[in-house]
Amino acid sequence: MAPEPAVEICGLTKRLGRQVVAVDGLDLRVDTGQVMGLAGPNGAGKSVTLKILLGLVRPSAGTVRLFGEPVRPGASVLGRVGALVDGPGFVPHLSGRDNLRLAARTAGRPVDDADLEHAVAETGLGTAIDRHYRTYSHGMRYRLGLAQAMLGHPELLVLDEPTTGLDPAHILEIRRMIAGVAERGTTVLFSSHSMAEVEQVCTHVAVVRHGRCIASGPLSQVVGPAADLEAAYLDLVGGDRPVS
Amino acid sequence: MIGAELAWQWRRPRTLVTFGALAAFAVALTVSIAATGSSTVERVGDIPLYLVPGRSGLVVPVIALSSTMKFFLPLAVAVFAGECVAGEAAWGSLRYGLARPVSRGRYLATKLAVAALLSLVAVLLVPVASLVVGVLAFGWHPLTALDGGASVTGGAAVFSPVTTVARIGFGTAYVALGMCSIFAFAFFLSTLTSRPFVAVAGGVGLTIVSRVLNADYLPGVAAVNAYMPNNDVDLWMHAFQQPAPTDGMVHFAVLQLVYVVTFVGLAWWWFRRKDVLT
């Protein structure tokens, strides 16, 4: 029997008020071990989709399953997921370490099980982990966000635009970090509005536009005969350029 | 979860500043009374009571509770209740708190319990700190209260120190009860907004509206006065009259219960359904 996909989304729709349809019948499957890029322009519905995946937003229609279990707020399957969505969010007057401890405790798991030191080492926070979060640079905040996502060795890592606003050196380090995590077998679902970034990080890609998945599969298959993913995207949408 | 939440909330600067300010108020009040002349008769509250601090340090907590129950304590309670969820939303940590295998009901219950505990500590801090400072400054003696109300003509009630402390305890419990409506309203707002200031201001605003629509000062609003959450918070001061009337206290308790059930219920209903988009 084939293992359950890490992520299975069927006919997902989310209406925000009466006017806006943020996600419009989206289908997506991410098998375990894949590094799936959710690519598309700003406003395509990527972030809302990821928030539905984490039980933060209730879908208007459709189903979402993680490892075969339906997602709802507080679902036990969320314990197998680490996430960085909409940037990091921490208590400013606590140190990075205390923030990670708090995250582990409020998730209802013993701090020892979270393997905090591993997450800190993975993200290269070094001695900065004992400084107050409010003293962190933008890049350090993102690293701490990634460390939080990696607490407890999640089987699925959901990363929403994890390099936003970072300088090239930090972007490179975060890409290496994601590659390292993926090599150890963690499934990664990575969203970005930058086609070039998705192309560099992911093994598979789903192109999202106007809340719908317009193409998905292995990266080479989606790119096809085009020069790169951006060119393939432009072919798919007929010249409507993405933001990169 | 409550232990972890309480541990970090306790260390927050706003918690320490709030507690520090309330304790400092007790000291400042005592110093001020001593500097003015401790044998001066103090008119306390709207009942009113006339007390002489120099005759007993036990007068100080009565004055402190009376002075803080209409603004400082509602502000402190509104801070704790209004910030508990909205503060997390503002930092961006709410979405991570909820993207875990923890039900929203449990998450909200933890926030509610810790905010309620901190609010209770704030209310207790005022009489306890002022009792300690007052007794140190003016001694442990019986309290004499001259009743300025129309019900007693020129009567002077004398309370032993133990009886006085017991009645201060009753007054503290009554004031804590009176904070429940403000707490519940600010807590509800905290689940609605990602701006903690809005929730805190809402809680304080309810207090102000309640004080404005007070038939004691504005007889024309008598029709709504009975439903204002904060107008009868001073009835505990009747405990320092002899006999001590209890009129209105049961109504006040029921009113607090109605506010709590309504607004905590709304918070519960809304928070379990809300989309966390920020």
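Residues numbered from 1 in each chain as written. Chains lettered and ligands numbered in written order. Predicted model: local features only at pLDDT ≥ 70, side-chain atom pairs only at ≥ 80, totals over all residues.

Engineer: Where do I start with the sheet that holds strand 10 (residues 212-218) of chain A in this structure?
Structural biologist: Sheet strands pair by backbone hydrogen bonding; their relative direction is either parallel or antiparallel. Residue and element names in this part refer to chain A. The strand order across the open sheet formed by 6 strands is 6-7-8-3-9-10, and the pairing between neighbours is mixed. The strands lining the two open edges of the sheet, one partner per strand, are strand 6 (81-84) and strand 10. Averaged over all pairs of adjacent strands, the angle between strand axes in this sheet comes to 15°, irrespective of strand direction. Of the strand pairs in this sheet, strand 7 (residues 156-160) and strand 8 (residues 187-192) are connected by 5 bridges, and their pairing is parallel. Looking across to strand 8, one finds that D160 is bridged to S191. Strands in contact with helix 5 (residues 138-150) are strand 6 and strand 7; relative to strand 6, the strand with the most contacts, it is inclined by about 165°. Contacts from helix 6 (residues 168-183) reach strand 3 (35-39), strand 7 and strand 8, with the element oriented near 150° to strand 8. (Pairing = 2+ DSSP bridges. Helix = DSSP H or I, 4+ residues; strand = E, 2+ residues; numbered from the N terminus. Axes fitted to C-alpha atoms, helices over the stretch in contact; angles between N-to-C directions. Contact = placed C-beta atoms within 7 Å.)

Engineer: Whenever I open this one, the packing of helix 4 (residues 72-91) of chain B against helix 9 (residues 196-212) of chain B confuses me. Can you help?
Structural biologist: Any two packed helices are characterised by the angle at which their axes cross and by the distance between the axes. Residue and element names in this part refer to chain B. At a minimum axis separation of 7 Å, helix 4 and helix 9 run at an interaxial angle of 155°. As the angle between them shows, helix 4 and helix 9 are arranged roughly antiparallel. The crossing of helix 4 and helix 9 is right-handed. Here P74, L75, V77, A78, V79, A81, G82, E83, A86, G87 and A90 of helix 4 come into contact with helix 9, specifically with P196, A199, V200, G202, G203, V204 and T207. For the contact of helix 4 with helix 9, the class distribution of residues is 12 nonpolar, 5 polar and 1 charged. (Parallel < 35°, antiparallel > 145°, perpendicular 65-115°, else oblique. Left-handed = near helix turned anticlockwise from the far one by under 90°. Nonpolar A, V, L, I, M, F, W, Y, C, P; charged D, E, K, R; others polar.)

Engineer: Hey, could you run me through the sheet that holds strand 2 (residues 20-30) of chain A in this one?
Structural biologist: Residue and element names in this part refer to chain A. If you trace the 4 strands from one edge of the open sheet to the other, you get 2-1-4-5, paired in antiparallel fashion. In this open sheet, the two strands that pair with only one neighbour each are strand 2 and strand 5 (69-70). The pairing of strand 1 (residues 7-16) with strand 2 spans 8 bridges and is classified as antiparallel. Residue pairing across strands places L12 opposite L26, the latter belonging to strand 2. Across the sheet, helix 1 (residues 46-53) lies against strand 1, strand 2 and strand 4 (61-66), angled at about 115° from strand 1, the strand it touches most.

Engineer: Please clarify how the nonpolar core should be interpreted in this entry.
Structural biologist: It is characteristic of soluble globular proteins that their nonpolar side chains tend to be buried jointly. V158(A) and F187(B) are the most contacted members of the largest nonpolar core, which has 157 residues in total. Considering each element in turn, this core owes the most residues, 14 residues, to helix 6 (residues 104-138) of chain B. Ignoring sequence-local partners within four residues, the contact set of F187(B) consists of A81(B), C84(B), L112(B), A115(B), F263(B), V264(B) and A267(B). (Core = buried A, V, L, I, M, F, W, Y, C linked by C-beta atoms within 7 Å. Buried ≥ 20, exposed ≤ 12 C-beta atoms within 10 Å, placed from the backbone.)

Engineer: Could you clarify how one ought to interpret the environment of V30(A) in this entry?
Structural biologist: Residues and elements named next belong to chain A. Note that V30 resides in strand 2. A sequence separation of 26 residues divides V30 from E4, and the C-alpha atoms of the two residues are 9.7 Å apart. Among all residues touching V30, those that are not within four sequence positions of it are P5, A6, V7, M36, T187 and L189.

Engineer: Looking at this structure, how should I read the environment of E155(A)?
Structural biologist: Structurally, E155(A) is set in the loop between helix 5 and strand 7. We classify E155(A) as partly exposed; it has 18 C-beta atoms within 10 Å.

Engineer: Any chance you could explain the confidence of the model for chain B here in plain terms?
Structural biologist: Detailed reading of the predicted coordinates is not advisable wherever pLDDT falls low. On average, residues of chain B score 90 in pLDDT, and 96% of them are at 70 or above. Scored by ipTM, the complex comes to 0.90, with pTM at 0.91. (pLDDT = per-residue confidence, 0-100.)

Engineer: How should I be thinking about the pairing of strand 8 of chain A in this particular structure?
Structural biologist: Regular strands show a simple pattern: their side chains alternate between the two faces of the sheet. Residue and element names in this part refer to chain A. A large share of strand 8 lies buried, amounting to 6 of its 6 residues. Neither face of strand 8 is open: one carries T187, L189 and S191, the other V188, F190 and S192, and all of them are buried. Considered for its hand, the β-α-β crossover made up of strand 7, helix 6 and strand 8 is right-handed. (Right-handed = clockwise from strand over helix to strand, strands pointing away.)

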